[in-house]
Amino acid sequence: MRLRLAAVLLLTGVCLAGVFRGLDPAVAWSSLQAASWRDVGGVMLLYFGAHYLRVLRLQLLLEQPVGAKRLLSILSIGYLAIQVIPFRIGEFVRPYLLFEQEKIPFGTAMAAILLERLADMIMLLTMLLMLGWVVELPSGTFLIEGIDVVQAGQRLTGGLVAAGAAGVAAVLGLGERALRWTDRLPMGGLVRRFYEGVHLLARQPGRMAAVLGLSVAIWAITIAAVWRMLLAFPGLPDTFPQAFVIWTITLTGMTAIPTPGFFGSYEAACTGALTLFGAPLDPARTFALLLHLSQFLFTVVLGGGFLFYEGLSLREIVDRSRAAAAGRSGDGSVKRPAGEDG
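Each residue is numbered by its place in its chain's sequence as written, counting from 1. Selection of residues for local features in this predicted model requires a pLDDT of at least 70, selection of side-chain atom pairs for listing and counting requires 80 or more, and totals for whole chains, interfaces and linings are taken over all residues. Side-chain metrics rest on all non-hydrogen atoms present in the structure, leaving aside hydrogens and water.

(A) Expanded view of the overall build of the protein chain. Along the protein chain, the regular secondary structure elements total 14 helices and 2 strands. Exposure categories follow from relative accessible area, calculated using a 1.4 Å probe and restricted to protein chains: below 20% of the type maximum is buried, above 50% is exposed, and the middle band is partly exposed. With 342 residues in all, the protein chain has 50% of them scored as buried. Throughout, a residue-residue contact means that at least one pair of heavy atoms, one from each residue, lies within 4.5 Å. When contacts within the protein chain are restricted to residue pairs at least 6 apart in sequence, those whose partners lie at least 24 apart make up 72%. Accessible surface, the protein chain: about 16,000 Å² in total, of which carbon and sulfur atoms supply 65%. Numbering of helices and strands starts at the N terminus; helices are DSSP runs of H or I of at least 4 residues and strands are runs of E of at least 2. Residue-level accessible areas treat just the shown protein chains as cover; the underlying method is Shrake-Rupley with a 1.4 Å probe.

(B) Region of the structure containing the packing of aromatic side chains. Think of it this way: a Phe, Tyr or Trp ring, Trp meaning its six-membered ring, pairs with another when their centres are within 6.5 Å, and the plane angle makes it stacked under 30 degrees, edge-to-face over 60, tilted otherwise. Within the structure shown, the criterion is met by 8 aromatic pairs. The interplanar angle of 70 degrees and the centroid separation of 5.2 Å between the aromatic rings of Phe263 and Phe296 together place this pair among those described as edge-to-face. Taken together, the residues span a long stretch of sequence, with Phe263 in the loop between α11 (240-256) and α12 (265-276) and Phe296 in helix α13 (residues 281-310) at a distance of 33 residues. We note that Phe263, like Phe296, is buried. Ring-pair connections join several aromatic residues into one group, and the members of that group are Trp219, Trp247 and Tyr266.

(C) Up close: the packing of helix α3 (residues 37-61) against helix α4 (residues 68-84). Where α3 meets α4, the axes come as close as 9 Å, and the angle between the chain directions of the two elements is 115 degrees. When the interaxial angle is binned, α3 and α4 end up roughly perpendicular. For the crossing formed where α3 meets α4, the hand is right-handed. Residue-level contacts link Phe48, His51, Tyr52, Arg54, Val55, Leu58 and Gln59 of α3 to Ala68, Leu71, Leu72, Leu75, Ser76 and Tyr79 of α4. Under the convention adopted here, Pro, Cys and the residues Ala, Val, Leu, Ile, Met, Phe, Trp and Tyr are nonpolar, Asp, Glu, Lys and Arg are charged, and Gly plus all remaining residues are polar. Residues belonging to the contact of α3 with α4 are distributed by class as follows: 9 nonpolar, 3 polar and 1 charged. For helices, the fitted axis covers only the stretch in contact; all axes are lines through C-alpha atoms, and the angles between them, taken along N-to-C directions, range from 0 to 180 degrees. Each angle is binned into one of four classes, with values under 35 degrees roughly parallel, values over 145 roughly antiparallel, values of 65 to 115 roughly perpendicular, and all other values oblique. Crossing handedness follows the turn of the near helix against the far one: under a right angle anticlockwise gives a left-handed crossing, and clockwise gives a right-handed one.

(D) Broad picture of the nonpolar core. Residues Leu58, Met229 and Phe287 are the most contacted members of the largest nonpolar core, which totals 76 residues. The dominant element in this core, judged by the number of residues it contributes, is helix α6 (residues 106-134), at 12 residues. Those residues in contact with Met229 that lie beyond four places of it in its chain are Val40, Val43, Tyr47, Phe287, Leu290, Leu291 and Ser294. Among buried residues, those of type Ala, Val, Leu, Ile, Met, Phe, Trp, Tyr and Cys that are joined through side-chain atoms within 4.5 Å constitute a nonpolar core.

(E) Region of interest: α12. A helix's residues, less one, multiplied by 1.5 Å, set its expected span. With 12 residues, α12 should reach 16 Å at 1.5 Å per residue; the first-to-last C-alpha distance of 17 Å fits that figure. Counting buried residues in α12 gives 10 out of 12 residues, a clear majority hidden from the surface. Taken as a whole, α12 has its buried residues at Ser265, Tyr266, Glu267, Ala268, Ala269, Cys270, Thr271, Gly272, Ala273 and Leu274.

(F) Geometry of the confidence of the model for the protein chain. In this model, the protein chain carries an average pLDDT of 77, and 66% of its residues clear a pLDDT of 70 or more. Mean pLDDT across the elements of the protein chain bottoms out in strand β1 (residues 143-144) (54) and peaks in helix α10 (residues 205-231) (92). One confidence number per residue, pLDDT, is output by the predictor and ranges from 0 to 100.

Listed below in structure tokens is the structure:
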């Protein structure tokens, strides 16, 4: 684990060094001074809009009702954990909090999260396939440490979506026969819960359409936020289709090279996408860093605020969520700091 963490941190450092090597601080400062901070403030409202739509989407994926306010807290804390904990270990935080606070079985909650991720992967694959319609991308345009992130992203997301679709088709097709076999596996309960979630959506096409519609809206609002941020910087690309390309390539870079907090891979992919449209290198680097920091700080402030409000410890939640994922959840409770009545 330590060697893997060291390797990931080294890759993060290499990516960041490659992006900002030779950056002229005077040009970067000039770009920040010329920016419209009023537009940047509007970006935060769009972030919150997309975040709240994720709350509504998860409500549809869960089999039992959970209030929007409770889900907003749980999702905010979960996304904070994903951002600051390496190797996406924070993915277990949301299903664990749903189990601990709302009494939803861990496997059922985890299955809903997997369905949510599958919807996001379908969206990313669709966006990647649409890139050729928006702008012609020459082969090898976006290389990060020798990795063509567009090509890698297309293969990775395509493989994940294909594997997910094949798994869903196999389990739905074989039904109880497949489940009797998977029940013997360590994660068999999760497979059964995933099957039940997919089967429920399949029997309710309106609900499935709402989940996909919310997924489209989430990414459309996110692209609108990137567009609003672009408009704040004079001299950078300023159309919605350009924002679409920039965000798709940035998201692909994060998916292909998942560094801690996505630092390094995010900036490299975003800068490369901006230069595709003729943006000057130093202003492009400055924009990429500010866009990333705005998203990162939004997640940290919102998640941190809910952690404080709930009186919870992120480290303790992460440890307990990992134990729950491994089937060692004990009493399934999260201890509050001394003096909290919980």
